[in-house]
Amino acid sequence: MQFGILVNEGPYSHQASDSAYLFARSAIEKGYKVPRVFFYHDGVYNASRLATPPQDDRNVSARWSKLAADHGIDLVVCVAAAQRRGITDGVLGDNFRISGLGQLVEMGIQYDRLVTFGD
Amino acid sequence: MSDMDDMDDDAGIVKKFMFLNRKAPHGTVYALEGLEVVLITAAFDQDVSMAFTDDGVYQLVKGIDTKGIEVKDFSKTYRALEGYDIEKLYVDQVSMDARGLSEDDLIVDVTVLSVDEMANLMAEQDVVISF
Amino acid sequence: MLHIVNKSATDRGSLESCLRMATQGSAVLLIEDAVYAATTGNAAAAKIQAAKAGLKIYALGPDLAARGMAARVLDGVNVVDYGGFVDLVAEHSNCQSWL
């Protein structure tokens, strides 16, 4: 079974990205596939590699990058939402890419479930 | 954009997508950016329904004038939805009543549903995305 | 259908909206700040108690613990971990997040 995940809020201000990450990690541990995570609205801020949280805090962007590297997850940032918020290719963390909303719709069409995390 | 390629890959699969709008316009961006997803989904030839409940019904009221707050008036887009073959617009009767609204107050033709009707419609969807 | 609620019922109306629309036999999972509604003494606890007759109510354990509420969970509310959250999504044909 394949799960698509939609993240609608940025890191730190809301728990959404943390909940989505822990959900994705657990799904993979249980043997499910998470082929893609889509970042929309302020969720696009999760993609910035410029964030430098304190050492004793989690690094939300970096741990998405690592989960993606370890399990081949496609981390897609909505181009229109990113352009509104100044997220460009130049600030993307590893394994994030910018693409269109069609990538979100495709998750709904192709995968078995779509789970949304937001405010 | 790669959206055109995606459409080829997905040829033939039609799922029921419901976009559930629960938020008022302008105070947050969800209604505006949500509408962008609806239009793209329709371009993929999917079975699209839009449902308006709670403060989401305020997105459809007549007389919206955003000049004074200097933001885009996207309410006109709802009247253009028919051109994208999006004709299933549903509003929740209870949410309308709780806000003193009737169908005459809205800028588009909608189907008013009871709670049970809306709940059953939601339950039969393949994908529900809420903004 | 699985309904997911993430906001405190004493702050926002999303739990009430969810309970209004959830059909008989559906599952409701409380995560993040929504877990407070499933704890004893909370003003929304009566809504959860009443909903238990027709719905299966779940609360995310790690979110309860993070809020000091692990020992105050209402009887009849099923506490699950993230793996249980994943199972609930897998078991139901669709899900809706009441953001």
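Shown above is the structure to which this text applies.
Report on the accompanying structure. (Residues numbered from 1 in each chain as written. Chains lettered and ligands numbered in written order. Predicted model: local features only at pLDDT ≥ 70, side-chain atom pairs only at ≥ 80, totals over all residues. Heavy atoms only, no water.)

### Side note on the pairing of strand β1 (residues 16–21) of chain B
Sheet faces and side chains relate simply in a regular strand, where the side chains alternate between the two faces. All names here are of chain B. Here is the rule we go by: Three exposure classes are used, based on accessible area relative to the maximum for each residue type with a 1.4 Å probe and protein chains only: buried under 20%, partly exposed in between, and exposed over 50%. Working definition: helices are DSSP H or I runs of at least four residues, strands are E runs of at least two. Numbering for both runs from the N terminus. Being paired, for any two strands, means DSSP has found at least two bridges between them. Looking down the strands as they point away from you, a crossover is right-handed if its path from the first strand over the helix to the second goes clockwise.
Of all 6 residues making up β1, 5 are buried, and the element is well covered by its neighbours. Note that β1 and strand β2 (residues 47–52) share 6 bridges and pair parallel. In the strand pairing of β2, Leu 20 is matched with Ala 51. Taken together, β1, helix α2 (residues 30–43) and β2 constitute a β-α-β crossover, and its handedness is right-handed. Two strands pair when backbone bridges link them, and β1 and strand β5 (residues 127–130) are joined in this way by 4 bridges, in the parallel orientation. Each residue of the ladder has a partner; that of Phe 17, found in β5, is Val 127.

### Observations regarding the sheet that holds strand β1 (residues 2–5) of chain C
Residues and elements named next belong to chain C. Condition: Where helices are involved, their axes are fitted lines through C-alpha atoms of the stretch in contact, as for all axes, and angles between N-to-C directions lie from 0 to 180°.
In spatial order, the strands read β4-β3-β2-β1-β5; together these 5 strands make up an open sheet with parallel pairing. A single partner strand is all that each edge strand has here, and the edge strands are β4 (78–80) and β5 (95–98). Put simply, the sheet's adjacent strands are angled 25° from each other on average, direction ignored.

### Some words on the packing of aromatic side chains
To be explicit about the condition: Each Phe, Tyr or Trp ring, with Trp reduced to its six-membered ring, pairs with another whose centre is within 6.5 Å; inter-plane angles below 30 degrees give stacked pairs, above 60 give edge-to-face pairs, and intermediate values give tilted ones. Distance and angle both matter: a charge sits over a ring if NZ of Lys or CZ of Arg is within 6 Å of the ring centre and within 35 degrees of the ring normal.
The full count for this structure, using the stated rule, is 13 aromatic pairs over all chains. Members of the aromatic cluster, joined through ring pairs, are A:Phe3, A:Phe23, A:Tyr32, A:Phe117 and C:Phe85. The ring of B:Tyr30 has B:Lys23 sitting right over it, with the charged end atom 4.6 Å from the ring centre.

### Section: the sheet that holds strand β4 (residues 96–99) of chain A
Residue and element names in this part refer to chain A. Heads up, the condition is: Any two residues having at least one pair of non-hydrogen atoms within 4.5 Å are treated as being in contact.
The parallel open sheet is built from 5 strands, whose spatial order is β4-β3-β2-β1-β5. On the outer flanks of this sheet lie β4 and β5 (113–117), each paired with one strand and no other. Direction aside, neighbouring strands of the sheet carry axes that sit 25° apart on average. Summarising the sheet, strand β2 (residues 33–39) and strand β3 (residues 74–78) pair through 4 bridges and their orientation is parallel. Following the sheet pairing, Phe 39 is matched in β3 by Val 77. Contacting β1 (2–7), β2 and β5, helix α1 (residues 16–29) crosses the sheet at an angle of about 170° to β1.

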